[in-house]
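Fold and contact review
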Amino acid sequence: MDKRFFGQSLPRNEDSKLLQGKGLYVDDVHLPNMLHVAFFRSPVAHACIEKIDAEKAKAMVGVHGVYCAEDLGAFWREGILVVPPAPIDGIEFHQRTQGPLAKDKVRHVGEPICAVLAESRYIAEDAVACIEVAFNELPPVVDLKAALEPSAALVHEGLESNLAAHAIQTKGDYESVRDEAALVLEREFVYDRGVAGAMENRGVVAQWDAGSDQLTIWDSTQAPIPVRSILAQYLGLSESQVNVIAPFIGGGFGPKIMLLYPEEQIVPWLAMRMNRPVKWIEDRKENFYATNQERLQIHKAEILFDQSGRILGVKDVFLQDTGAYNPYGLTVPINSQCTLLGPYDIQHYTSEFKSVFTNTTTVSPVRGAGRQHGVFVIERLLDFAAKRLGIDRLEIRRRNFIRPDQFPYENRLIYQDFEPLTYDNGNYATALEDVRRRVGYDLFYEKQQAERKALGRHVGIGVAAYVEGSGIGPYEGARVTVEPSGHVNVATGIGTQGQSHFTVFAQVVAEQLGTPLENVRVTTGDTRRFHWGTGTFASRGAVVAGNACHTAACAVRKKAIELVCKLWESPEADIVLEDGYIFSSKNASQKMSLGELAVMANPMRGAVEGDTEPGLEATRYYGPKMGTTASGVHAAEVEVDLETCSVHVKRYVVVHDCGKVINPMIVDGQIHGGAAMGIGNVLYENLTILENGEWANANFQDYLMPTAPELPTFETGHVETPSPLNPLGVKGAGEAGAIPVGAVIAQAIEDALSEYDLEICAVPITRNTLFELLERCKSTGLPKEKGVSQ
Amino acid sequence: MKPPPFQYCRPADLSEALLCLNKYGSQARILAGGQSLVPEMNFRKTCPQVLIDINAVESLKSVERDDDFLILGAGLTQSELARCKPMLEVCPIMKDVLDYVGYEQTRNRGTFGGSLAYGDPAGELPAMAMALDAEFELKAHDRSRWVRAEAFYIGPFSTVIEPDEMLARIRIPLRRDAVLWAFAEQPVKTFGKAIAGVVTALALDSGYTVSSARIVAWGVGDRPLRLNGVEAELDGSCLDDSVICAAVSKLQNELDPPGDIHASPALRKYLAGNLLRRSLQNLCSESL
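Note that the coordinates shown come from a computational prediction; the quantities given were computed from them, not determined experimentally. (Residues numbered from 1 in each chain as written. Chains lettered and ligands numbered in written order. Predicted model: local features only at pLDDT ≥ 70, side-chain atom pairs only at ≥ 80, totals over all residues. Heavy atoms only, no water.)

1. Regarding the overall build of chain B
Looking only at helices and strands, one finds twelve helices and 14 strands in chain B. Across its three principal axes, chain B shows a C-alpha extent of roughly 60 × 45 × 30 Å. A total of 288 residues make up chain B; the buried ones form 52% of that total. Summarising the internal contacts of chain B: among those between residues at least 6 apart in sequence, 61% fall at separations of at least 24. When the accessible surface of chain B is split by element, carbon and sulfur atoms take 49% of a total near 12100 Å². Measuring between centres, the 31 positive side-chain charges of chain B sit 6 Å from its 37 negative side-chain charges. (Helix = DSSP H or I, 4+ residues; strand = E, 2+ residues; numbered from the N terminus. Buried < 20%, exposed > 50% of the residue type's maximum accessible area, 1.4 Å probe, protein only. Contact = heavy atoms within 4.5 Å. Areas by Shrake-Rupley, 256 points an atom, 1.4 Å probe, with all protein chains shown as cover. Lys, Arg positive; Asp, Glu negative; His and termini not counted. Charge placed at Lys NZ, Arg CZ, Asp CG, Glu CD.)

2. Let's talk about the pairing of strand β19 (residues 458-470) of chain A
Residue and element names in this part refer to chain A. Among the 13 residues in β19, 13 count as buried, and that is most of the element. Of the two faces of β19, the one holding H458, G460, G462, A464, Y466, E468 and S470 and the one holding V459, I461, V463, A465, V467 and G469 are both buried throughout. With 13 bridges joining them, β19 and strand β27 (residues 628-641) adopt antiparallel strand pairing. In the sheet register, S470 faces β27, and the bridge partner there is T628. (Pairing = 2+ DSSP bridges.)

3. Observations regarding empty space enclosed by the protein
Residues and elements named next belong to chain A. Under the counting rule described, the total for this entry stands at ten cavities of 30 Å³ or more. Size it by volume and the largest cavity reaches roughly 70 Å³. The wall of the largest cavity is formed by 13 residues, among which Y415, D417, L421, T422 and G627 lie closest to the centre. Contributing elements (two or more residues each) for the lining of the largest cavity: β18 (420-423), β19 and β27. In terms of residues, the lining of the largest cavity owes the most to one element, β18, which gives three residues. Taken together, the residues of the lining of the largest cavity sort by class into five nonpolar, six polar and two charged. (1 Å grid on protein atoms, 1.4 Å probe; cavity = no way out; pocket = protein on both sides within 12 Å on 5 of 7 lines; lining within 4 Å. Points joined across faces, edges and corners; volume = space filled by probe spheres on them. Nonpolar A, V, L, I, M, F, W, Y, C, P; charged D, E, K, R; others polar.)

4. Examining the nonpolar core
With 135 residues, the main nonpolar core has A:Y652, A:L683, A:I745, A:I749 and B:L234 as its most contacted residues. Here this core takes nine residues from helix α9 (residues 371-389) of chain A, the largest share from any one element. Those residues in contact with A:Y652, other than ones at most four positions away along the chain, are A:H634, A:A635, A:A636, A:A675, A:I679, A:P712, A:T713, A:F714, A:E715, A:V741, A:V744 and A:I745. Of all hydrophobic cores here, the second largest spans 49 residues; its members include A:V490, A:V522, A:V556 and A:L594. (Core = buried A, V, L, I, M, F, W, Y, C linked by side-chain atoms within 4.5 Å.)

5. Section: the packing of helix α5 (residues 224-235) of chain A against helix α6 (residues 262-274) of chain A
Residue and element names in this part refer to chain A. In contact at an axis separation of 11 Å, α5 and α6 are set at 55° when each is read in the N-to-C sense. The orientation of α5 relative to α6 falls into the category oblique. Like other packed secondary-structure pairs, α5 and α6 cross with a definite hand, here right-handed. When α5 is examined against α6, the residues V227, L231, Y234 and L235 are found in contact with a partner set consisting of E264, Q265, P268, W269 and M272. (Axes fitted to C-alpha atoms, helices over the stretch in contact; angles between N-to-C directions. Parallel < 35°, antiparallel > 145°, perpendicular 65-115°, else oblique. Left-handed = near helix turned anticlockwise from the far one by under 90°.)

6. Topic: the confidence of the model for chain A
Counting all residues, the mean pLDDT for chain A is 95, and 98% of those residues have values of 70 or more. When the criterion is pLDDT under 50, residues 782-790 of chain A qualifies, and its contacts beyond four places in sequence or with other chains add up to 16 contacts. (pLDDT = per-residue confidence, 0-100.)

7. Side note on the sheet that holds strand β28 (residues 646-657) of chain A
All names here are of chain A. What the four strands build is an open sheet, ordered β19-β27-β28-β29; its pairing is mixed. Every other strand in the sheet has two partners, leaving β19 and β29 (713-718) as the edge strands with one partner each. Recorded for the sheet is a direction-independent mean angle of 20° between the axes of neighbouring strands. Against the sheet, helix α16 (residues 664-684) makes contact with β28 and β29, and its axis sits at roughly 130° relative to β29, the strand it touches most. Most of the contacts of helix α17 (residues 741-752) go to β19, to which it runs at about 160°, and overall it touches β19, β27 and β28.

This is the structure we're talking about:
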């Protein structure tokens, strides 16, 4: 085929609409007679609810009701466990999920206690301000280490401690190689993350149509189909009565995959009860307290090297803060555990984690989903070892990379998709070399760094590698339909939050059908249009839904070709689909538009043969047995200003391997966004808890989201190692940009300040922490290794 | 994040505004640019019963100049101030300082007087007013007075303004001597709230000796701080490395800054010292 769509940097189908302000977001849904909800949320982190007095609020003009847990009757139930614990031998897991409104006890600041329904959001908030709740306050459990001490208060009664889960996974036999090590390094690492900070907060609008017995919900969810199924069950409706529409969404990043948030339950319930449309739009303060986030892990890791810098084994023991509830199971700590191994050939590994309940906002995956923590640990250990062994930082990585001839490479640990972790393929050394060239590594150390130091400037480079298990199952589906007009409709169940699905799925389909890209109309996340599937998470949209679109498009193509071959009595090999037409390459008179063929495929007379389907349409599903392994290498050049303790990221280079690239421009954009998120996480965002369980900085004045002036120019390169696991050969790309940034920046800062011999073992690296680290370095030296050195 | 109900009035001139203020007193707040007030209202941290919107009061946009003073209306927006030629003649760095006041969008709404009356200890404009030795005209319906910037601020977000008074004009003395200005600020990001900032106004005599120094810091105390000790250190000296060092250590002895998640007290002190050093070094190279 001459005209290619797949692999081209084509402009986005959705941009025209979005740039004109015509995209529909949940808050754009305005329905006649609509009521508004505001929540009374717990002002305290840990308390028993003694008494709720909402009489004054109920009496206010414009208030249609105030509801607390007991008003919900049988509708009140504890939330589902979205992801059960993985089948790991000896795993201990204590499930605690949240009800739609707090009953008896509150476990974090911001937990909803009452829902107020009113004529406007203004009145609803005025009424919330009148509600009085008497609390019997309990000690807030906010310190991760202290939470496991016997004296700690219990976040959940009925448990012996605040331990939410405990799991050990091993590969090989770590202890057996410990004596062989030429170098043993042990360090404690603290990696804290923050809120996802999507531009659009959450929101739900629900409308009950008593005439048609249909409930329609506009929801800022990453998983409209599961929301539909769960709500139907909760509300005693048939799934055919519930329509969930996830319209344009201003960023998901993980927290919007939660099933279901309290507000997603309350709003539809109220809409049915009142027989009026009901709306709730989350505000930024609510988002800081009530939308899931990712947070702290504390790792104690030990690594063994031989004299040549080869890793003999790794042992890691870590604590994970899971917040007040653990509806998302163990996805985050399992990702940390598995991703620590990275692109390296490590034969002996022991990893043990404890997941811990605290009186803080619930933790569930945020872009990267725990991978950051693991990558930080292994990459930092490699840096420290390189220094001690006198090996170049890139060289020590190259020596440990899994070689291309070792794939499929079995790590044998159970991964987040419950399958044994196996890497499909990768070309790690190629990516590393490309990064070395792009960042100008050799010239920098031959010349530039010394020149800058002579001028009193502190400039350094950091380089780190990572893998990202992506594109996991279970499955997604797609329906491809050619209309008589020649337009092609593609419908898939996953939701879209800015991933350019309207373009990349169109490219995949256009590649098979040869229709102009703008004629391919993609619908995502609308259960009325496609009602099977899971959702957008784990960098799986392009892999799972993309391959479903591809197989459906291939089926339509086959159908079209078979139809014209019968009509024209010509061999299949002669048929070409291009520019919206289907024609024979041998006979110029044999040509018609795809639209005309669609009409012929749906005849007004005659019969459709048994076991065939009318129209140029096909529905197909794709379910990968296991995830694909994307990978990459990042590098940054940073300058540290010692006088202001500021870190300026001057350049950021990403060489990424997500297999076959559908649209390089879009993948670049994903990577830029991810790396920006990573830089925010590492240098700016610093979600800080106070002893009472409130955030010290639940606003964008003090919670520092990176903006354009803080961000460098990003440079990206692609290594294409097609995945053997799926027809398109693609791998996930959505989270990659955010994953290794902590390790990259930490290394670059150390390099810039090489005369200080710093060791950065904690993220975020704030101005305060950098200042303290430098002050400490001035007064004390580095810890001595207990390792053997020959 | 919606404010509770409030009354709203939009007086057409200053006397009407002052009558409103007299009527409602401490129940009322003046709405100028609203870039700090409205978010506070949305957070329900400030719940005025009456908002007096002074955006229709044309006289608050005045720019006048006589032999002794530049007199500016409190209602000039920060963007207008950055383009105000008489202001920049008196203090050329005002334009650069204003780059650090909020963002382009907020400066189009936020006013000079609003920033001064808000009294944010991390605010740039209160400190600039102090460095300019400005005076504020506080008007009530039945009286008015002029208060020097230095006497105006009494604590964080706290000033001597009475409930029935509003800040109407700012008058800046026109100095006869040539003044060299420098400022340096470290915000929490590239822009955003200041962690620390220092503005320096130096007059030099013909022999490059400092004849008068005025130095004000922000973000490092409960209000903008005039650094008298540092000024004394510089007065009469010839700017060189050792004088700059002495001034910096004087500053670090003089300050007792607060700490927050952005900077500990020790870091704030360290930053303020380095910012002063940078300013003085810049002036040094400029004056040569």
